[in-house]
Number of protein chains: 2
Amino acid sequence: MKYTLGNGFWSRRILKVTEKMIPLQLSILKDEAPGTEPSHAIENFRIAAGLKEGDFHGMVFQDSDIGKWIEAAAYSLKLKKDPALEKEIDDIVDIIEKAQMPDGYLNTFYTLKEKGRRWTNLQDCHELYCFGHLTEGAVAYHQATGKTKFLDIMCRFADHIDTVLGPEENKLHGYPGHPEAELALYRLYLETGNEKYLKLSRFFIDQRGTEPNFFRGEWEKRGQINHWTGRPAALNLKYTQAHMPVRQQKEAVGHAVRALYLYTGMADIAAQTGDETLAAACEALWDSAVNRKMYITGGLGATAMGEAFMCDWELPNDTAYAETCASVALCFFARAMSRLKTDGALDDMVERELFNVIPAGVSLNADRFYYVNPLEAVQGVSGKEKGLEHALPARPKWFACACCPPNVARLMTSLYEYSARETGDGIVLSQYLDGTMDFDRARVTLETGYPWEGALHYTVEAREDQDVFLRVPGWACPEETALTVDGAPAEVKPEKGYVRLALSRGTHRILMILPMKPRRLYANEHVRHDAGCVAFAFGPMIYCLEGCDNPEPLWNLKADPDAEITVSDFRSELLGGVRVLKIPGYRRADTADGLYSEKKPVYVPQTLTAIPYYAWANREEKDMRVWVRE
Amino acid sequence: MKYTLGNGFWSRRILKVTEKMIPLQLSILKDEAPGTEPSHAIENFRIAAGLKEGDFHGMVFQDSDIGKWIEAAAYSLKLKKDPALEKEIDDIVDIIEKAQMPDGYLNTFYTLKEKGRRWTNLQDCHELYCFGHLTEGAVAYHQATGKTKFLDIMCRFADHIDTVLGPEENKLHGYPGHPEAELALYRLYLETGNEKYLKLSRFFIDQRGTEPNFFRGEWEKRGQINHWTGRPAALNLKYTQAHMPVRQQKEAVGHAVRALYLYTGMADIAAQTGDETLAAACEALWDSAVNRKMYITGGLGATAMGEAFMCDWELPNDTAYAETCASVALCFFARAMSRLKTDGALDDMVERELFNVIPAGVSLNADRFYYVNPLEAVQGVSGKEKGLEHALPARPKWFACACCPPNVARLMTSLYEYSARETGDGIVLSQYLDGTMDFDRARVTLETGYPWEGALHYTVEAREDQDVFLRVPGWACPEETALTVDGAPAEVKPEKGYVRLALSRGTHRILMILPMKPRRLYANEHVRHDAGCVAFAFGPMIYCLEGCDNPEPLWNLKADPDAEITVSDFRSELLGGVRVLKIPGYRRADTADGLYSEKKPVYVPQTLTAIPYYAWANREEKDMRVWVRE
């Protein structure tokens, strides 16, 4: 499938990624960005390649940033040829090639800093994680350019790994401390057809969490020392997803990104191999993550401590971690699950991520990034007070652990992969990505003002009789959704979230109009942090109050539960162009006698103004909240 | 002043401390309590005394537990002679004497474990803290029995300290990392009349936080190593109250107990010396702590991280630390402030502590203890989830760091010290402690059903013409407070919280009737965690909802803001005898569609039942909350 940008919401955002974010990230990786802490990621490879003198700097997983950036850049090349960018990648690949050891091993941390200690700490030290990201980059670059050098490098590394890890007696029975190699090996298998990679991915999945526990053994061997602190520390097997065999897992626990990368690999393998027990585990873990542990914004992983899931329903708003990468990873997981089944509920969650946490992870100028995406920000507290240091009130330029920015870049530049898929039944159009998608069987063009307007103007040029599946979002009432095919009204009775249209060969104009109106959302009765509160949505977007538009403190505002919410016209001058919500409500207007008193709070009418959550923290530093007292 | 127990609320609680808690704590300190982790505190002294072979075990401040327990036991002896208990103390004092070094030094951690490293880490290692608590014990035991051995031991240690620390060139210019010696040296000065101790206390206060910073110097010298982790760590000067000279401090910051012990010493010295700048700092710090950083229950220190104050108005309920010791320490601070001025606002805060956090720190059976006193408890989350591990849903038997239980014991057994004082103007009756207080100038007896009833029946036998000051609590409206003196109505126009009665020589019957009725309390508009919520009070007690009496989850309950709250008769069978509040309200009764949905929550009428906060967690393990949605 070949995708060509249009000029709608997503196309403009993708263009910002290709034109601004990808060059910016390259300059950071090359340590050339003024005022930004040097990444040293390329420098590490240069030193490992013998092209320069120096020491390793950065995180144990610093190599992975290069893999993710190349992957994003490769997708960008698929969207638009760019010889200069291709040359940059080729130059980096040349360095990577020189940094590879004769036996295929490739990891600058172990080559430069911890010589002779390869594969001694799979739990903490990310060798397989870096392998995975470089491999994803290599696969994408091969797809984009047909060039094989990077792919060959990574195959050599994969072949080497296959001699070290595996079920055989003479190999280590280990698996990645940070899952990623599983899904990357699957992609390498798809790209090369080499069954060995599929087998190794499956081994990692099957072996994980079995007894005797590999990580426990490693930990005992190294004197119970934790790599990060250099001191003895208790094992946290949930953190590394090694607490039980994957098929027994029912609850999403531990480090959220690790979990979701693992689940993605599991779903990939389940779909590829028809492994039903593995598929059932994926179903249960999906259900746990999205139906009991997800913020309304799509955020996943409620606590900063271990960047981890908390227990069911525990979703604090101000201390939320909700790592951008976890939301990106949920899109991966959903896409892999879609290989198991077509279900709009999966795509609803992708849409939730795409319109909320993921764009919030990037400034409107595409030059600053959020790692953490809280649902409440308080000046003087967020980013400062104990337990809230991670919840920064403004986006930083970059991070020492720089996983999130390139993760968003690679997702955005490959958004077409999440927006449509060809199945045996037909073409499934799952996200409303404006532009043109060329499939073998049809060309589909979407023109739309979505998400600001509900009209989706599709032109489908079917090269043969062709079924097309149009998604009706879970948030849209089918009765209020209009559909015409070549001008004739069609029924909107979605099954599993999709309306199936049987199109004959030829060109068809399809118009679906989604009911765009402000909606009030309430949390499940088990969610204590949102009790008594309401959130506001418009289309796929969750809205929030920001201090720039409302009198602070925001916790003293109350929304009227019944009065009509109005939505503004599109305001092109505001926050890159948005529609704002106006919500009738109240503001506490009294000044209390002391810290606690019998004086009843006094409320006066106050119209509340809400903006899309993704656009927060792009103006003055002010308070923000998603859940508003009602 | 000599106090004799009555048979009211406080007398019964004090009796539980003397009859149950003090023997229990001794058995723990002697490692004789079955099913309780050995304390090893007495064992450490025995080994240091050469009476036994073995190693030091426990915290670096393990010695302090002995000091605090002896202090509590000494007060108990003042209430009631007990030769067996006195013998126990004498035996311990004999061991302590043998553990003292020839030069007067006394600390089992340094004598046994860190030989030769005395006075090398004042910041972390609590030598002066242990000195302080042992000294307070020695002073109390001298007062109770007239025996001088323990006092002499501690004077020898104080004399030794005076040769090591001080302003002179050849001495260390240091001060306690955990304040306590300041107030203890002041007590030692009062008991012995030796000005040297007053001078040393003052040196510690004046020297603290000055430049060059002593703790920074120590830290550099030991390679920036933190004692607790054994690794280099950043200095946290606020934690140890060394961030600025005390007279410049305006905000209560850092470790709450350290802060409040320091402020107590400061107020003691300010009152003793007439140091006005020091008194002004005390005023500002009092104001900061109680008017912007205190929970409605009297809890102080909002975060577990560093057991510390958070910024103004930041008072999270579920993750609250609110250490029992901090509330005990506030009583110390208030008592010291009362030497500077008579102000009912000080005593109101003592009353808040005495009826809320402090009794909550002990089970009704006086055999289990809370260190941490949250205002919201959630089953499956409190005590378990990240960031809430400290907020235990049930009281443990003891703690590795066992500061709180003996702190409560010594406060309870010396409660008369906080309930009345003789001043130049007359006798100030600040708390409604039932029983008889014998002053030089008068004998005052109080019979009362307080806090369940408002009638306070005083009999004052004045040995001379005598002014008596009766406190009218800040929570009681003076217009609704009735007062008769010898049957004749008297005006209730309190000044600074006190009604002054000029009594002639002879016996007088005074009846004050406080208006006992349920009250709704609201937090200041700056407190985000309590926005939209109400708390309930009856007399000095804050009430809470517990899952034992209300349908869970409690966050789905709402109180009617206007309907009448009723108070039950005294229920002797419930929770050691309480009156409960019945609050008309509502309960969310719907089951949501999924995690988030447009379905509006449905509320049905529900009467809420509230019990005194101090009595929570004495039945089945259930949810609890103080702040209720309104």
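Treat the numbers as computed from the prediction; the structure is a model and nothing was measured. (Residues numbered from 1 in each chain as written. Chains lettered and ligands numbered in written order. Predicted model: local features only at pLDDT ≥ 70, side-chain atom pairs only at ≥ 80, totals over all residues. Heavy atoms only, no water.)

**A closer look at the overall build of chain A**
Item 1. Looking only at helices and strands, chain A has 17 helices and 22 strands in total.
Item 2. The C-alpha radius of gyration computed for chain A amounts to 25 Å, which stays within 12% of the reference 25 Å derived for 630 residues, consistent with globular compactness.
Item 3. In terms of overall dimensions, chain A has a C-alpha envelope of 70 × 70 × 50 Å along the principal axes.
Item 4. Once local pairs closer than 6 in sequence are excluded, the contacts in chain A between residues at least 24 apart make up 69%.
Item 5. On chain A, roughly 22,100 Å² of surface is accessible, and the fraction owed to carbon and sulfur atoms is 49%. (Helix = DSSP H or I, 4+ residues; strand = E, 2+ residues; numbered from the N terminus. Rg over C-alpha atoms; globule rule 2.2 N^0.38 Å. Contact = heavy atoms within 4.5 Å. Areas by Shrake-Rupley, 256 points an atom, 1.4 Å probe, with all protein chains shown as cover.)

**Thoughts on the relation of the copies chain B and chain A**
Item 1. After a rotation of 180° and a shift along the axis of 0.0 Å, chain B superposes on chain A with an RMSD of 0.0 Å. Here the two chains are linked by the operation of a two-fold rotation axis. Of the C-alpha atoms belonging to chain B, the one lying closest to the rotation axis is found on G387 of chain B, 3.8 Å away.
Item 2. Both copies contact each other with a shared surface, as 100% of the interface residues of chain B are interface residues in chain A too. (Least-squares fit on C-alpha atoms with pLDDT ≥ 70 in both.)

**Re the packing of helix α3 (residues 62-79) of chain A against helix α6 (residues 127-145) of chain A**
Residues and elements named next belong to chain A.
Item 1. Orientation of α3 relative to α6, taken along the N-to-C sense of each, is 20°, at an axis distance of 7 Å. Taken as axis vectors, α3 and α6 run roughly parallel relative to one another. Note on packing geometry: the crossing formed by α3 with α6 is left-handed. In this structure, α3 uses D63, S64, I66, G67, K68, I70, E71, A74, Y75, L77 and K78 to contact α6, whose residues at the interface are Y129, C130, H133, L134, E136, G137, A140, Y141, Q143, A144 and T145.
Item 2. Considered class by class, the residues forming the contact of α3 with α6 number 11 nonpolar, six polar and five charged. (Axes fitted to C-alpha atoms, helices over the stretch in contact; angles between N-to-C directions. Parallel < 35°, antiparallel > 145°, perpendicular 65-115°, else oblique. Left-handed = near helix turned anticlockwise from the far one by under 90°. Nonpolar A, V, L, I, M, F, W, Y, C, P; charged D, E, K, R; others polar.)

**With respect to the sheet that holds strand β4 (residues 426-429) of chain B**
Residues and elements named next belong to chain B.
Item 1. The sheet built from four strands is open, its strands ordered β3-β4-β8-β11 with mixed pairing. With partners counted over all chains shown, the strands left at the sheet margins are β3 (420-423) and β11 (498-503), one partner each. Between one strand and the next, the sheet's axes are offset by a mean angle of 20°, whatever the strand orientation.
Item 2. In this structure, β4 lies alongside strand β8 (residues 466-471), joined through three bridges in parallel fashion. Within the sheet, the bridge partner assigned to L429 lies in β8 and is L470.
Item 3. Sheet strands in contact with helix α14 (residues 344-355) are β3, β8 and β11, and its direction is about 55° off that of β8. (Pairing = 2+ DSSP bridges.)

**A short note on the pairing of strand β15 (residues 541-546) of chain B**
Residues and elements named next belong to chain B.
Item 1. Most of β15 sits out of view: six of its six residues are buried.
Item 2. On β15, burial covers both faces: M541, Y543 and L545 on one face and I542, C544 and E546 on the other are all buried.
Item 3. Bridge count between strand β14 (residues 533-538) and β15: two bridges; the pairing is antiparallel. Within β15, the residue paired with A537 across the bridge is I542.
Item 4. In this antiparallel pair of consecutive strands, β14 and β15, the connection spans two residues, and G539 shows a positive phi of 60°. (Buried < 20%, exposed > 50% of the residue type's maximum accessible area, 1.4 Å probe, protein only.)

**Concerning the pattern of salt bridges**
Residue and element names in this part refer to chain A.
Item 1. With the rule as written, the count across this model stands at 99 salt bridges over all chains.
Item 2. Of the charged contacts in the structure, one is a salt bridge between E314 and R528, with a shortest N-O distance of 2.6 Å. You can see E314 sitting in the loop between α12 (276-292) and α13 (324-337) and its partner R528 sitting in the loop between β13 (518-523) and β14 (533-538), a full 214 residues away along the chain.
Item 3. E314 gets classed as buried once you look at its relative accessible area, which sits at 4%. (Salt bridge = Lys/Arg side-chain N within 4 Å of Asp/Glu carboxyl O.)

**Regarding the environment of C130 of chain A**
All names here are of chain A.
Item 1. For C130, the position within the fold is in helix α6.
Item 2. Along the sequence, C130 and Q62 sit 68 residues apart, while their C-alpha atoms lie 7.9 Å from each other.
Item 3. If sequence neighbours within four positions are ignored, C130 has contacts with V60, F61, D63, S64 and N107.

**Quick word on the sheet that holds strand β7 (residues 455-462) of chain A**
All names here are of chain A.
Item 1. The strand order across the open sheet formed by seven strands is β1-β5-β6-β7-β12-β9-β10, and the pairing between neighbours is antiparallel. Pairing within the sheet leaves two strands with one partner each, and these edge strands are β1 (2-5) and β10 (488-489).
Item 2. Where strand β5 (residues 435-438) lies against strand β6 (residues 442-448), four bridges are found, and the strand directions are antiparallel. Within β6, the residue paired with T436 across the bridge is T445.

**Some remarks on the interface of chain B and chain A**
Item 1. At the junction of the two partners, chain B supplies 61 residues and chain A supplies 61 residues.
Item 2. Taken together, both faces of the contact between chain B and chain A bury some 4,600 Å²; the carbon and sulfur share is 55%.
Item 3. Broken down residue by residue, the surface that chain B buries against chain A is led by R528, L595 and Y596 of chain B, which jointly contribute 19%.
Item 4. Viewed at the interface, chain A and chain B are joined by six salt bridges.
Item 5. One salt bridge in this structure joins D318 of chain B and R528 of chain A, with 2.8 Å as the shortest N-O distance.
Item 6. Linking chain B with chain A are 31 residue pairs in polar contact (both at pLDDT 80 or more). (Buried area = accessible area lost by both parts, 1.4 Å probe. Polar contact = N/O pair within 3.5 Å; in protein donor to acceptor, adjacent residues only side chain to side chain.)

**Quick notes on the packing of aromatic side chains**
Item 1. Taken as a whole and assessed by the stated rule, the structure comprises 62 aromatic pairs over all chains.
Item 2. Taking the centre distance of 5.0 Å and the plane angle of 85° together, the rings of F9 of chain A and W10 of chain A count as edge-to-face.
Item 3. Given the relative accessible area of 7%, F9 of chain A is considered buried.
Item 4. Between F61 of chain B and W228 of chain B, the ring centres sit 6.3 Å apart and the planes meet at 50°, which makes this aromatic pair tilted. On the criterion of sequence distance, the pair formed by F61 of chain B in the loop between α2 (41-48) and α3 (62-79) and W228 of chain B in the loop between α10 (214-221) and α11 (256-273) is long-range, its members being 167 residues apart.
Item 5. By relative accessible area, which is 10% here, F61 of chain B ends up buried.
Item 6. Given the relative accessible area of 40%, W228 of chain B is considered partly exposed.
Item 7. Three or more aromatic residues link up through ring pairs in this structure, and these residues are F9, W10, F355, Y432, Y450, W452, F570 and Y614 of chain A.
Item 8. One cation-aromatic arrangement involves K558 of chain B over Y603 of chain B; the distance from NZ or CZ to the ring centre is 4.1 Å. (Phe/Tyr/Trp six-rings, centres within 6.5 Å; stacked < 30°, edge-to-face > 60°. Lys NZ or Arg CZ within 6 Å of the ring centre and 35° of its normal.)

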